[in-house]
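Chains, contacts and geometry: an overview
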Amino acid sequence: MFMALDIRLKFDFKLIVGFFILLYFVIALLFFNFYKNLAVKDTQQEATSILHTINALREYIDNVQRPLIAELKESGRLDKDFFDPRLLSSSYITRQTYDILLANNNMNFSYKLAAINPKNINNKASPFEAKILNEFRSKTIDKYFAVQKEGNKDFFYIALPISSNQYSCLECHGNPEDTPEEM
């Protein structure tokens with residue numbers, strides 16, 4: 001009887017150790033998922049904030065800066081064919097602002113103002129980006145967030161629509177004959 005009790009104690013000890021090992025892995029997996037989801041949520045919030053800031057800058061350029069330049073042209077204080085992307089191109093200005101933001105804050109983001117038919121070939125949408133742009137246009141989605149795999153790396157992809165072209169945009173993005181000569 002003593003011998004059977006000893007074997008049973010060894011068996012119970014192995015069972016208890018196995019249970020704690022299993023419990024450890026379950027808890028570790030739960031913590032990993034919790035912190036992974038937290039990191040994704042933080043990244044999403046930070047990227048969204050950056051994109052909203054860039055969109056606000058674009059709207060300021062479209063609604064304030066360009067109309068002011070147009071008034072100066074109409075009044076003769078600026079040549080009617082004046083064009084400088086540093087003052088009039090919202091995509092140029094936001095790209096420069098974004099580059100300064102990245103350089104000064106050591107952030108690991110990339111930014112692209114994707115378009116299906118862009119003036120600047122660097123903004124040409126990939127087939128994947130074109131699909132998202134079409135979903136924005138059809139109002140199927142109003143934002144896109146995903147963790148995607150490229151090669152052996154995961155990365156966070158976020159896309160937000162920008163506001164529609166304003167009247168002030170048509171000087172450069174409308175009829176090519178109306179485009180400023182300096183452009």
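Everything here concerns the structure above.
Digging into helix α3 (residues 90-105)
End to end, α3 covers 22 Å across 16 residues, agreeing with the expected 22 Å (1.5 Å per residue, within 8%). For α3, the full list of buried residues reads S90, I93, T94, Y98 and L102. On an axial view of α3, the arc spanned by its buried residues comes to 165°, and they lie on one face. Summarising the geometry of α3, the exposed residues directed more than 90 degrees from the buried face are I100, A103 and N104. Phi for N106, located one or two positions after α3, is positive at around 50°.

Brief notes about the pattern of salt bridges
Applying the stated criterion across every chain, the model contains 7 salt bridges. In this structure, D99 engages R95 in a salt bridge whose closest nitrogen and oxygen atoms are separated by 3.6 Å. Separated by 4 residues within a single helix, D99 and R95 lie in helix α3, roughly one turn from each other. Relative accessible area serves as the criterion here: at 35%, D99 is assigned to the partly exposed category. Measuring nitrogen to oxygen at the nearest pair gives 3.2 Å for the salt bridge that ties K131 to E135. One end of the pair is K131 and the other is E135, both in helix α4 (residues 127-137) and 4 residues apart, which spans about a single turn.

Topic: a nonpolar patch on the surface
On the surface, I16, F19, F20, L23, I27, F31, F34, Y35 and L38 cluster together to form a nonpolar patch covering roughly 900 Å² of accessible area. Tracing the backbone shows F19 in helix α1 (residues 2-74). For F19, a relative accessible area of 48% translates into the label partly exposed.

Some points on α4
Turning to α4, its buried residues number three or more, namely E129, A130, I132, L133 and F136. Projected down its long axis, α4 shows its buried positions confined to an angular sector of 160°, all on one face. Turned more than 90 degrees away from the buried face of α4 sit P127 and K131, all of them exposed. At its buried positions, α4 is contacted by β1 (144-150) and β2 (153-159). Where α4 terminates, the next one or two residues include K139, which has phi positive at roughly 65°.

How each quantity is defined
- Residues numbered from 1 in each chain as written.
- Predicted model: local features only at pLDDT ≥ 70, side-chain atom pairs only at ≥ 80, totals over all residues.
- Heavy atoms only, no water.
- Helix = DSSP H or I, 4+ residues; strand = E, 2+ residues; numbered from the N terminus.
- Expected span 1.5 Å × (residues − 1).
- Buried < 20%, exposed > 50% of the residue type's maximum accessible area, 1.4 Å probe, protein only.
- Arc of directions from axis to C-beta.
- Salt bridge = Lys/Arg side-chain N within 4 Å of Asp/Glu carboxyl O.
- Patch = residues over 30% accessible without salt bridge, like charges linked within 9 Å, V, L, I, M, F, W, Y side chains within 5 Å.
- Areas by Shrake-Rupley, 256 points an atom, 1.4 Å probe, with all protein chains shown as cover.
- Contact = heavy atoms within 4.5 Å.

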